[in-house]
Amino acid sequence: MPLAAATHASGAQVLGCPSCGGHFVEYADMLRLERSGRGAARDAVARRAFAEARGPVTCAKCGGETARREWSIGTLTYVDVCVDFDCRGVWLDAGELEAIAGEPH
């Protein structure tokens, strides 16, 4: 299923999956999202995202392998980052985009 392109309020370009609610974001846009975050909604959404276990994710940009990592220390928001340094694409499961951007879910 093709990803739908959108621009987040922070100016970050986000590709959303209408099927699973996940998002693909370029690394530089992830930094923009993080800077825009207000943090108020982060805890509840991050805990829910952290609790949901699932299998490995293939990079939506290059098709490469990803590694599950905490986006920022202490946030409990885990994202899938492409291990190819030239790509560095980031996949966010449903709710993780809102957690990083500090938006209510």
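Just above sits the structure.
The structure contained in this document is the topic of the report that follows. Please read these numbers as outputs of a predicted model, since none were measured by experiment.

### Quick look at helix α1 (residues 27-36)
All of the buried residues along α1 are Asp29, Met30 and Leu33. For α1, the angular spread of buried residues about the axis comes to 105 degrees, placing them on one side. Of the exposed residues in α1, those oriented more than 90 degrees away from the buried face are Ala28 and Arg35. Next to the buried residues of α1 lie β2 (13-16), β3 (23-25), β6 (90-92) and α3 (96-101).

### Observations regarding the packing of aromatic side chains
Scanning the model with the defined rule gives one aromatic pair in all. Consider the rings of Tyr27 and Trp71, whose centres lie 5.9 Å apart with planes at 65 degrees: the pair is edge-to-face. Of this pair, Tyr27 sits in helix α1 while Trp71 sits in the loop between β4 (66-70) and β5 (78-82), and the two are 44 residues apart along the sequence. On the accessibility criterion, Tyr27 (26% relative accessible area) is partly exposed. On the accessibility criterion, Trp71 (15% relative accessible area) is buried. When the ring centre of Tyr27 is taken as origin, the NZ or CZ atom of Arg88, which lies over that ring, is 3.9 Å away. Above the face of the Phe85 ring, Arg88 is positioned so that its terminal group lies 4.8 Å from the ring centre.

### Some details on the environment of Gln13
Within the secondary structure, Gln13 is located in strand β2. The sequence separation of Gln13 and Met30 amounts to 17 residues, and the corresponding C-alpha distance is 9.1 Å. Non-local contacts of Gln13, meaning those with residues more than four positions away in its chain, are made with Ala6, Thr7, Phe24, Val25 and Asp29. Within the local environment of Gln13, its side chain forms a polar contact with the side chain of Thr7, the two groups lying 3.0 Å apart.

Thresholds applied
- Residues numbered from 1 in each chain as written.
- Predicted model: local features only at pLDDT ≥ 70, side-chain atom pairs only at ≥ 80, totals over all residues.
- Heavy atoms only, no water.
- Buried < 20%, exposed > 50% of the residue type's maximum accessible area, 1.4 Å probe, protein only.
- Helix = DSSP H or I, 4+ residues; strand = E, 2+ residues; numbered from the N terminus.
- Arc of directions from axis to C-beta.
- Contact = heavy atoms within 4.5 Å.
- Phe/Tyr/Trp six-rings, centres within 6.5 Å; stacked < 30°, edge-to-face > 60°.
- Lys NZ or Arg CZ within 6 Å of the ring centre and 35° of its normal.
- Polar contact = N/O pair within 3.5 Å; in protein donor to acceptor, adjacent residues only side chain to side chain.

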